[in-house]
Amino acid sequence: MLTNTQLLKKKLGILSRIWLLPIFFLFLGLQGQAQDLTITGVVSEAATGTPIPGVNILVKGTTNGVVTDFDGNYAIKAATGDVLIFSYVGFESQEIVVGSSSAIDVGMVEDTNELDEVVIIGYGSQKKSDLTGSVAVVDTEDAKKLVTHDVAKMIQGQAPGVTVQSSGEPGGFVNIKIRGISSFSNNNPLFVVDGMLVDDPFDFATGEIESIQVLKDASSAAIYGVRGANGVIIITTKKGSEGKLDITYKSSIGFQNVTKTIPLTDRVGYQNITNAAYVNSGQAILPGNDSTNPLFIDNVSTNWQDEAYRTGVLENHSLTFTGGSSLINYNLNVDYFKNTGYLRTPQAYERYSTVLNLGGAKGKFSYGSRLSYTRSDKENFNEYLAGTSSIINLLQAIPTMPVYDENRLGGYGGADNLTQRAITLNVIGYNNLITNENLRNRFAGNIWGEYEIIKGLKYTLRASYDRLDWHDRYFNPPSDLGWYYITTPDEAALNVNTGNRTRTVVDNLLAYDVDLGKHNISALLGWIQQRDDFYRHTSRAVGYDVETIPQLNYGASQSAAEFQTTQTAVSYISRLNYGYDDKYLVTANFRRDKTSLFREELNTGDYYSFSGAWKVHNESWVNLPDWWETLKVRGGYGVLGNNTVAPYAYSPTVNAFANYVFNNELVNGTTVVTATDPNLKWEDTKTVNAAIEVGMFNNKLQFSAEYFEKKSTDILADVPLPLSSGSINSAWGVVVRKNAADVKNNGMEFTMSYNNQDHEFKYNISANLGTLKNEVLRIGENDNPISVGEHRTEVGRSIGEIYAYETDGLFQSQEEIDAHASQPGAQPGDVKFKDLNNDGFINDEDRSFQGVTIPKYSYGLNFSADYKNFDFSMFWQGQGGNKIYNGTYNALMIGGLLNHHTDMLDYWTPTNTDTNIPRPDVTEANANARSSDRFVEKGDYIRLQTIQLGYVIPTEKIAFLNHMRVYVSAQNLLTITNYRGYDPDFASDGLFRRGFEFGSFPNPRTLSLGMEVKF
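Residues numbered from 1 in each chain as written. Predicted model: local features only at pLDDT ≥ 70, side-chain atom pairs only at ≥ 80, totals over all residues. Heavy atoms only, no water.

Visitor: Please set out the overall build of the protein chain residue by residue, giving values where relevant.
Guide: When helices and strands are tallied, the protein chain shows 11 helices and 54 strands. The C-alpha atoms of the protein chain give a radius of gyration of 32 Å, which matches the 31 Å a tight globule of 1015 residues would have. Structurally, the protein chain occupies a C-alpha span of about 105 × 65 × 65 Å along its principal axes. Taking all 1015 residues of the protein chain together, the buried fraction comes to 52%. Long-range pairs, those at least 24 residues apart, make up 69% of the contacts in the protein chain with a sequence separation of at least 6. Carbon and sulfur atoms provide 55% of the accessible area of the protein chain, an area that totals close to 43,700 Å². Across the protein chain, the 85 positively charged side chains and the 114 negatively charged ones have centroids separated by 5 Å. (Helix = DSSP H or I, 4+ residues; strand = E, 2+ residues; numbered from the N terminus. Rg over C-alpha atoms; globule rule 2.2 N^0.38 Å. Buried < 20%, exposed > 50% of the residue type's maximum accessible area, 1.4 Å probe, protein only. Contact = heavy atoms within 4.5 Å. Areas by Shrake-Rupley, 256 points an atom, 1.4 Å probe, with all protein chains shown as cover. Lys, Arg positive; Asp, Glu negative; His and termini not counted. Charge placed at Lys NZ, Arg CZ, Asp CG, Glu CD.)

Visitor: Residue-level account of the sheet that holds strand β46 (residues 847-851), with values.
Guide: An order of β41-β42-β43-β46 is seen for the four strands of this open sheet, with the pairing classed as antiparallel. Whereas interior strands pair on both sides, the edge strands pair on one side only; in this sheet they are β41 (786-788) and β46. Averaged over all adjacent pairs, the angle separating strand axes in this sheet is 35°, with direction ignored. (Pairing = 2+ DSSP bridges. Axes fitted to C-alpha atoms, helices over the stretch in contact; angles between N-to-C directions.)

Visitor: Break down the sheet that holds strand β2 (residues 56-59) for me, citing the residues and quoting the values.
Guide: Taken together, the four strands give an open sheet; going across it, the order is β3-β2-β5-β6, and neighbouring strands pair in antiparallel fashion. Bordering the open sheet on either side are β3 (65-67) and β6 (94-97), each of which pairs with just one other strand. Adjacent strand axes in the sheet meet at a mean angle of 20° when their direction is disregarded. In the sheet, strand β5 (residues 83-87) pairs with β6 via four bridges, with the strands oriented antiparallel.

Visitor: Account for the packing of aromatic side chains, naming residues and giving values.
Guide: The full count for this structure, using the stated rule, is 37 aromatic pairs. Note on W483 and Y484: the rings are 5.7 Å apart at their centroids and 75° apart in plane angle, and the pair reads as edge-to-face. The interplanar angle of 80° and the centroid separation of 5.4 Å between the aromatic rings of F598 and W682 together place this pair among those described as edge-to-face. Residue F598 is found in the loop between β29 (584-595) and β30 (604-615), and its partner W682 is found in the loop between β35 (671-674) and β36 (683-696); the two are separated by 84 residues along the sequence. In this structure F598 comes out as buried when scored by relative accessible area, which is 3%. Ring pairing ties together the aromatic residues Y384, Y430, W483, Y484 and Y485, which thus form one cluster. Directly above the ring of F337 sits R351, whose terminal nitrogen or CZ lies 5.3 Å from the centroid. Over the aromatic face of F849 sits the side chain of R797, whose NZ or CZ is 4.0 Å from the ring centroid. (Phe/Tyr/Trp six-rings, centres within 6.5 Å; stacked < 30°, edge-to-face > 60°. Lys NZ or Arg CZ within 6 Å of the ring centre and 35° of its normal.)

Visitor: Describe the pattern of salt bridges, and please don't skip the residues or the numbers.
Guide: The final tally for this structure, using the stated rule, is 48 salt bridges. One salt bridge in this structure joins R408 and D480, with 3.1 Å as the shortest N-O distance. Of this pair, R408 sits in the loop between α8 (390-396) and α9 (427-433) while D480 sits in strand β24 (residues 479-480), and the two are 72 residues apart along the sequence. With respect to class, R408 is no different from D480; both count as buried. Here E706 ties to R634 by a salt bridge, and the two come within 3.0 Å at their closest N and O atoms. In this pair, E706 sits in strand β37 (residues 701-720) while R634 sits in strand β31 (residues 628-642), placing the two residues 72 residues apart along the sequence. The exposure class assigned to E706 is buried, which follows from its relative accessible area of 5%. Overall, the relative accessible area of 10% leaves R634 in the buried class. (Salt bridge = Lys/Arg side-chain N within 4 Å of Asp/Glu carboxyl O.)

Visitor: Any details on the side chain of N926? Residues and values, ideally.
Guide: By secondary structure assignment, the location of N926 is in the loop between α11 (887-892) and β50 (936-938). In terms of polar contacts, N926 uses its side chain to reach the side chain of N928, at 2.7 Å. Sequence-distant contacts of N926, that is, excluding residues within four places in its chain, are made with Q823, P824, G825, A826, D830, V831 and F833. (Polar contact = N/O pair within 3.5 Å; in protein donor to acceptor, adjacent residues only side chain to side chain.)

Visitor: Please provide a residue-by-residue account of the UniProt feature "domain: TonB-dependent receptor plug" (unreviewed entry) in the protein chain, values included.
Guide: In the numbering used here, UniProt assigns the feature "domain: TonB-dependent receptor plug" (unreviewed entry) to residues 128-232. Here residues 128-232 is 11% helix and 26% strand, with 17 Å between the C-alpha atoms at its ends. (UniProt positions renumbered as here; feature names shortened; annotations may be inferred.)

Visitor: Residue-level account of the environment of N774, with values.
Guide: Locating N774 in the fold gives a position in strand β40 (residues 773-779). Between the C-alpha atom of N774 and that of K744, which follows or precedes it by 30 residues, the distance is 5.9 Å. Apart from residues lying up to four places away in sequence, N774 is in contact with I181, V743, K744, N745, R797, S798, I799 and I854. Within polar-contact distance, the side chain of N774 engages the backbone oxygen of I181 at 3.3 Å. A polar contact is formed between the side chain of N774 and the backbone nitrogen of I799, at a distance of 3.0 Å.

Visitor: Explain the side chain of T374 to me, using residue names and the numbers behind them.
Guide: As for its position among the elements, T374 is in strand β21 (residues 365-379). A distance of 2.6 Å separates a polar side-chain atom of T374 from the backbone oxygen of D203. Dropping the residues within four chain positions of it, T374 is found in contact with D203, R351, Y352, S353, R440, N441 and R442.

Visitor: Please give an account of the environment of G387 that cites residues and values.
Guide: One can find G387 in the loop between β21 and α8. Here G387 falls in the exposed class, since its relative accessible area comes to 57%. In the structure, G387 is positioned 611 residues away from F998 in sequence and 8.6 Å away in space, judged by C-alpha atoms.

Visitor: Pulling in residues and values, what's your account of helix α6 (residues 267-280)?
Guide: Think of an α-helix as 3.6 residues a turn; residues three or four steps apart then line up on the same face. Its 14 residues place the ends of α6 20 Å apart at the C-alpha level, agreeing with the 20 Å of an ideal helix rising 1.5 Å per residue. The element α6 is extensively covered by neighbouring structure, given that 10 of its 14 residues are classed as buried. For α6, every residue scored as buried is listed here: R267, G269, Y270, Q271, I273, T274, N275, A276, A277 and Y278. One side-chain oxygen at the N-terminal end of α6 lies 3.3 Å from the backbone nitrogen of V268; it belongs to D266. Among the residues trailing α6, G282 stands out with phi positive, at a value near 75°. (Expected span 1.5 Å × (residues − 1).)

Visitor: So what's going on with the domain arrangement of the protein chain? Which residues, and what values?
Guide: Splitting the protein chain by domain gives domain 1 (37-108) and domain 2 (118-240). The C-alpha centroid of domain 2 is placed 36 Å from the C-alpha centroid of domain 1. (Domains from an automatic or database assignment.)

Visitor: I'd like a rundown of the nonpolar core, residues and numbers included.
Guide: Core analysis: the largest hydrophobic core is formed by 33 residues, its most contacted members being W304, Y309, L343, I391, L394, L395 and Y982. Once you skip the residues sitting within four places of it in the chain, L343 turns out to touch A308, Y309, R310, F381, I391, L394 and F1001. (Core = buried A, V, L, I, M, F, W, Y, C linked by side-chain atoms within 4.5 Å.)

Visitor: How would you explain unusual backbone geometry if you had to name every residue and give the values?
Guide: Notably, D194 is not glycine yet its phi reads approximately 50°, a positive angle. Position of D194 among the secondary structure elements: in the loop between β13 (190-193) and β14 (196-198). Using a relative accessible area of 13% as the deciding quantity, one classes D194 as buried.

Visitor: Requested: an account of a nonpolar patch on the surface, with residues and values cited.
Guide: A cluster of nonpolar residues, F365, Y451, I453, I454, Y459, L461, L510, Y512 and L525, forms a patch on the protein surface that exposes about 780 Å² of accessible area. The biggest single contributor to the nonpolar patch is strand β22 (residues 435-454), with three residues. Here L461 shows up in strand β23 (residues 457-476). (Patch = residues over 30% accessible without salt bridge, like charges linked within 9 Å, V, L, I, M, F, W, Y side chains within 5 Å.)

Visitor: I'd love a proper account of the confidence of the model for the protein chain, names of residues and values included.
Guide: Per-residue confidence for the protein chain gives a mean pLDDT of 88; residues scoring 70 or more make up 93%. Note on residues 1-35: pLDDT is under 50 here. Beyond four places in sequence and across chains, it has 44 contacts. (pLDDT = per-residue confidence, 0-100.)

Visitor: Any details on the environment of F610? Residues and values, ideally.
Guide: For F610, the location among the structural elements is in strand β30. Look at F610 and you get exposed, because its relative accessible area is 51%. When the C-alpha atoms of F610 and S44 are compared, they prove to be 46 Å apart, with 566 residues separating the residues in sequence. Once you skip the residues sitting within four places of it in the chain, F610 turns out to touch S219, T587, A588, G635, G636 and Y637.

This is the structure in structure tokens:
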């Protein structure tokens, strides 16, 4: 019979020796001792008698373990008096003492009481039923059915109060907010992965996640102090377990397509509209669009969406090894993820990651570590002008421009100034010619040890280290993509950006738990030290001939720069949990943070919270009906912080090379170039929440309702200064950043679930709903509003509301124009704008608020079912109550030189007056395409985010297989919305310009096949 080590070598020859050495070492402790009896039996469901395959059976205190086969049969060697542990996900574990009989059949009972579930909280854990704060527990089995590179995307719709916006770009940014916007700078939550503080969680494989908890209020997040104002997402990954080696292989491959296309004009339609735009402005038609001109273009009619969009590929493969003994257990995962985009360009995202979790115990000492390494390669899309995107450039590309042209340098087509004049970009050519690569290497690891000093008193020391190294390379070679987009050899450039970021954290924790009759006390004290180092080196070379090697030393000229910062922090934490008679629960948290980000007098912040809960159902004088099991009310108050300032932000910067004329001579000098406020301090957030939780029908039906209010004060905002200050450090002119704004968020959150596991057909339904209202309470000293584009933020309204002109149809005659308020440039067929202030002039003062851009509500609905070997699940998600400014539609309705939406074909003419589409005008004399309610749309949508059908293949005749499941899955299969753009779900985190959709990458529809095999 082969040993575990021999089996590993036989099955895993594909692994490199670097992995085999540590794994081999781990397995040295896995061999068990021969036992006296061979115990056999069948494990089945107690309610139905159905055999359960895959049940873990372990002789307690040893590494001797087996797994039931497809028919629930098992055989294990054990001695009289030994204890057998039977465990399986979704069922209550059982311990049975071995007697004289060698036959032991076991009926396992469904674990329907989710309230006994232990959830991870800050620096500890707690029973779900004993929570006093607002902690959302995400169902990871449902969440992981969505194949994605980022854990933030998995959470979308899975928890109330959590808003997620995403992008279809491979490896693209995912925007996540918890209970609204509470800062004018950073609103991202803190991620904690296996005890490590993480700012960007997309470097970790999502398949190995075991649990996700979202801390939403101060009573749960105050233990994280200055990092907790935006909420905390705690993630734990799978750990090792005692028993034999288990090997799991998971694989999925998906095919991605854009779900819809935007209706754009072809060559004939484009030339029709553009010609009308020139005629209406009194100009001659361009030669390329003039059918009477020899240069007329009639042999090119490019459908850019057809040319650019293709089928993308999404694949994920992982291999996991788990097992061990009481002294050392392990879980090793190796994961590969790749997403090839749906555009016909080289842009893609590829990631290799591995994580090794070790754990064990000996006597009073327990220990463990987490070591992970990730390497990712992302080829980025390119923007010629900041603020644009490949999608908007693709949609605006004119149909008379070919995709390929062998006569142009680079081999791609472009527009001509004489015949077409359009400043139109060949997106396919631009992204294929340019190299824009982002390589990331990340190591994150921690090691911890815990010693029980006396019963209930434990000391934990944990040290973690997180290092990210990056290498960004951008090369724009000589090329010709049309008259406006010519890159000459003198302009060809190479930018190389390298650097690293490290974070070192040391936690010293002292925890005490004691039960004194009806009294339960749990206390925590901690001392935490943190250091963050950042280094960046940028190099640039300019001047490359066509065949020149794209390296820095071959450029005609070179330049370089460096940047380096260091931040340090020390924190003191404490927590006290008290429970009396399983009825009354109280929690208090306190944390003091000190940081180098502020000057010494202001570098300390104190954060605290108080919360309590009352288990009403445990009162002897409360008589609930038999079908009503639990009733709990809870509430809390606390203060959190947000350290969103950059290093040295409180100190002014100077230019030491500011020459000036003195006494008729040019002399050296130094001048202040940025004004700063030396009294900068942390932003503070106060939260209040109250909730009720109910469990009925043996806790199969659970319901919760919660109200919250979150008020953030001393928010960092840019306050205008007089021009005489001499500091111009913002796009808005002369400003200084001060603690000068207040914002409030409040809302309701509801959850409901029903879990029925009593019959052969098992099912679970869960739903959540969250509402949100955002209000700005203060901006600077004079409450001056902040206007950015078609958005405005002002006191009494929410952040980034749409602020635009209101329209009143089209002018039909000159008499109508004369009778209207002064609107320079207007002609019949132009848009009529409302004179809201009745001053007789159409100007900026006539703009009005068009709607909030922050969703007023968001929701999710999960349904899953199992019948025999089949399983089915689907997840719906959506949001509403918000408005979107459709910048894409706006750009396609200008009626100028770039391509048009087909709606423009119905433009106004003297013979076509029954329309709301204005006449095209290449000069835009009336500014018909200015920001107005013409482009404001509802952002409501409901989406079938995932749907999956699986089948467990019987493996009783395959000796080396314990479990095998195959499935088909679809993501983003159906979206119900009235939004005219690609996708109402887009990453829009412009803060003051929220809800502005301008060529965002649409989330694709993905059809996948997958399998999971356990050996």
